[in-house]
Amino acid sequence: QVQLVESGGGLVQPGGSLRLSCAASGFTFSRFAMRWYRQAPGKERELVARISSPGTGTNYADSVKGRFTISRDNTKNTVYLEMKSLKPEDTAVYYCNAHSGSPTIDYWGQGTQVTVSS
């Protein structure tokens, strides 16, 4: 059974930091690119960061560049999102996604809430 379980969300003050984790099971984690998405109330889900299957390539949305860092540990089947200098506009539900392009497969986690507020 495929599972992606996010953790690490919560309430943080502006300028603060959080580290999200996503633990994967039920599939060959090292063969999948991993992505973090977020969805704020009333907005579409947006891609925040992605990392290649071996972890050698990363990409970020312009809105989080320089503040967020995605990483993965293929020995632990876990992907991380380190978030610093958080802003109120970072408030959203953050989702972990595992993606394979050939064949096309997408797995999703249930999401974790991040709220940035004073």
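Data block above holds the structure.
Residues numbered from 1 in each chain as written. Predicted model: local features only at pLDDT ≥ 70, side-chain atom pairs only at ≥ 80, totals over all residues. Heavy atoms only, no water.

1. Considering the side chain of Thr112
With respect to the secondary-structure elements, Thr112 resides in strand E11 (residues 112-116). A relative accessible area of 11% places Thr112 in the buried class. A distance of 3.3 Å separates a polar side-chain atom of Thr112 from the backbone nitrogen of Gly9. With sequence-adjacent residues up to four places away left out, Thr112 is seen in contact with Glu6, Ser7, Gly9, Leu20, Ala92, Val93 and Tyr94. (Helix = DSSP H or I, 4+ residues; strand = E, 2+ residues; numbered from the N terminus. Buried < 20%, exposed > 50% of the residue type's maximum accessible area, 1.4 Å probe, protein only. Polar contact = N/O pair within 3.5 Å; in protein donor to acceptor, adjacent residues only side chain to side chain. Contact = heavy atoms within 4.5 Å.)

2. Things to note about the pairing of strand E3 (residues 18-25)
For strand E1 (residues 3-7) and E3, the ladder comprises five bridges, and the chain directions are antiparallel. Paired with Leu4 across the strands is Ala24, a residue of E3. In the sheet, E3 pairs with strand E8 (residues 78-83) via six bridges, with the strands oriented antiparallel. In the strand pairing of E8, Ala23 is matched with Thr78. (Pairing = 2+ DSSP bridges.)

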